[in-house]
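Listed here are the chains, written in short residue letters.
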Amino acid sequence: MTFNDKIDEWIKEAETRPASALTILKLVANRLRDLTERNEQLLAENLALQDGTRVQDYQKRIVHLERQLDMLKRQVGDGSSLAALPVEAESLNLLVYNAQGQVFRFALQDNPKTLGRISGELVSDGEFPRLLAVPAHEELLLLFTSGRVSTLRAEDIPLIQGDSFTWEMAAQPDEPHAGEILAALMPLSRLPLADFFLQASRRGFVKKTLTSLAQSILDNHYLGRGTTQKSDQPFDALLCQKGERYVLVTYEGRLLGLEVDDLTYSAEERIRISATDYVIAAFTLQPEQTILCVTQNGKVIQREAGFVEVAKSAASRGQALISPSRLEQGVRFIGAAAMKETDKVAALDAEGQLTVYEAGQAASAGTFQAGAALLSIGVIPATA
């Protein structure tokens, strides 16, 4: 519509109103204000094109789309099939990392029973090392307790050789900034197929974020802390799809089931725990999987997927994995995970020994035959 057309429209509209100069002036002023705002928008667009910021924005979007396409190809292959490829045994690695961002990468292609021993101090900033099994080509998101994030490929971390290691031998791809520690490593290659980021904090806060915001998150290197309490800190992050079930397990043996679709986009307390309790595992659970919960003395408690009751209230206490009497005896949990019978489990004990167990055998026996108290576990998916 031309400017003259606009004037004709004003005149016609004015003719329908009482003959009042004030009314006509107000009408004209409102129309001029609309035109001024539109003119400012066009000027801003023009300036953005002239100084290159709009071009840079488009370039960032292209880079982000190319990155997701690359991750999608690595997830499902370059062919036309949309079925996810099985993990290849020769490419599977185990990452062992601590709060200072130091990471060991172990190759798993020879199905080792032991991976060696880490000597020296194992506790860093009050946190035990964490274990994560991923393909060598996996892209990883590093989540820090400040909410900052960065990315790297697993294969960019040097493979560790030998059977005895110190943390000085580990890689440190992104050293934590002042006032933060590394909270978690998260596999990122499922991003093109995922609907949400899920974050869990040590005190049981949970936050859901749309993956459509991934470009902004990765460009700004910030996902957020996922909690509203200053004394709390991020614990874990993962990718998931609509309709999945999310499970939290705590140090004192509380288990909480949540429906992903019911979670909010703001951080909310989802499990009510004691002052001495905290979250030690967070994962999605498929119907064909079972939950493997491990105590510090290597005892295994296995629960079928059907055992999990979905929490109805915003801050539920969850389900108890052990009786109050066993809790009084000092039994505590160091890890839990969703697994299949054919999976393996890597475990780190208090002497620094890294051992690989058959998950099905450990579940049947009800124990890991470890030489010392266990600190951490990580599931190694069954390979092709």
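A short note on the overall build of the chain
On a plain count of helices and strands, the chain comes out with six helices and 22 strands. When each of the 384 residues of the chain is scored for burial, the buried share is 48%. Total accessible area computed for the chain in this model is approximately 19,300 Å², and 50% of it derives from carbon and sulfur atoms.

Things to note about the pairing of strand β21 (residues 353-358)
Across three bridges, strand β3 (residues 114-118) lies against β21 in antiparallel orientation. By the bridge assignment for β21, Thr114 is matched with Thr355. The pairing of strand β20 (residues 344-349) with β21 spans five bridges and is antiparallel. Its bridge partner lying in β21, Leu348 is registered against Leu354.

Digging into the sheet that holds strand β16 (residues 290-295)
For sheets, the rule is that strands pair by backbone hydrogen bonds, running either parallel or antiparallel. The three strands are arranged β17-β16-β19 in an open sheet whose pairing can be described as antiparallel. Single-partner strands in this sheet number two, and they are β17 (300-304) and β19 (333-339). Strand-to-strand, the axes of this sheet are offset by a mean angle of 20°, without reference to chain direction. With six bridges connecting them, β16 and β19 associate as antiparallel partners. The partner of Ile291 across the bridge, within β19, is Ala338.

Observations regarding the sheet that holds strand β12 (residues 245-250)
Here we have four strands laid out as an open sheet, ordered β15-β12-β13-β18, and antiparallel in their pairing. Two strands in the sheet have a free side with no partner beyond their single neighbour: β15 (279-285) and β18 (319-320). As defined by bridge partners, strand β13 (residues 254-259) adjoins β18 across two bridges and the pair is classed as antiparallel. The residue bridging Arg254 from the neighbouring strand is Ala320, located in β18.

Examining the packing of aromatic side chains
Under the counting rule described, the total for this entry stands at seven aromatic pairs. A centroid spacing of 5.8 Å and a plane angle of 45° characterise the contact between Phe104 and Phe165, whose relative ring orientation is tilted. One end of the pair, Phe104, is in strand β2 (residues 103-107); the other, Phe165, is in strand β7 (residues 164-165), and 61 residues separate them in sequence. By relative accessible area, Phe104 is classed as buried at 1%. A relative accessible area of 0% places Phe165 in the buried class. One Lys or Arg, Lys208, reaches over the ring of Phe196 and ends 4.5 Å from the middle of that ring. Its end group placed over the ring of Tyr265, Lys208 keeps NZ or CZ at 5.0 Å from the ring centre.

Regarding the confidence of the model for the chain
For the chain, the mean per-residue pLDDT works out to 86, and 79% of the residues sit at or above 70. Segment residues 78-85 is flagged for pLDDT under 50; beyond a separation of four residues in sequence, or across chains, it makes nine contacts in the model.

A word on the pattern of salt bridges
Evaluated as defined, the whole model comprises ten salt bridges. Note that Glu180 and Arg148 form a salt bridge whose closest N and O atoms lie 2.6 Å from each other. Linking Glu180 in the loop between β7 and β8 (182-187) with Arg148 in the loop between β5 (139-144) and β6 (149-153), this pair joins segments that are 32 residues apart in sequence. Across the pair, exposure class does not vary: Glu180 and Arg148 are buried alike. In this structure, the salt-bridge partner of Arg190 is Glu244, at a minimum N-O distance of 4.0 Å. Of this pair, Arg190 sits in the loop between β8 and β9 (196-201) while Glu244 sits in the loop between β11 (234-240) and β12, placing them 54 residues apart in sequence. The network of salt bridges with common partners includes Lys113, Lys344 and Glu358.

The rules behind the values
- Residues numbered from 1 in each chain as written.
- Predicted model: local features only at pLDDT ≥ 70, side-chain atom pairs only at ≥ 80, totals over all residues.
- Heavy atoms only, no water.
- Helix = DSSP H or I, 4+ residues; strand = E, 2+ residues; numbered from the N terminus.
- Buried < 20%, exposed > 50% of the residue type's maximum accessible area, 1.4 Å probe, protein only.
- Areas by Shrake-Rupley, 256 points an atom, 1.4 Å probe, with all protein chains shown as cover.
- Pairing = 2+ DSSP bridges.
- Axes fitted to C-alpha atoms, helices over the stretch in contact; angles between N-to-C directions.
- Phe/Tyr/Trp six-rings, centres within 6.5 Å; stacked < 30°, edge-to-face > 60°.
- Lys NZ or Arg CZ within 6 Å of the ring centre and 35° of its normal.
- pLDDT = per-residue confidence, 0-100.
- Contact = heavy atoms within 4.5 Å.
- Salt bridge = Lys/Arg side-chain N within 4 Å of Asp/Glu carboxyl O.

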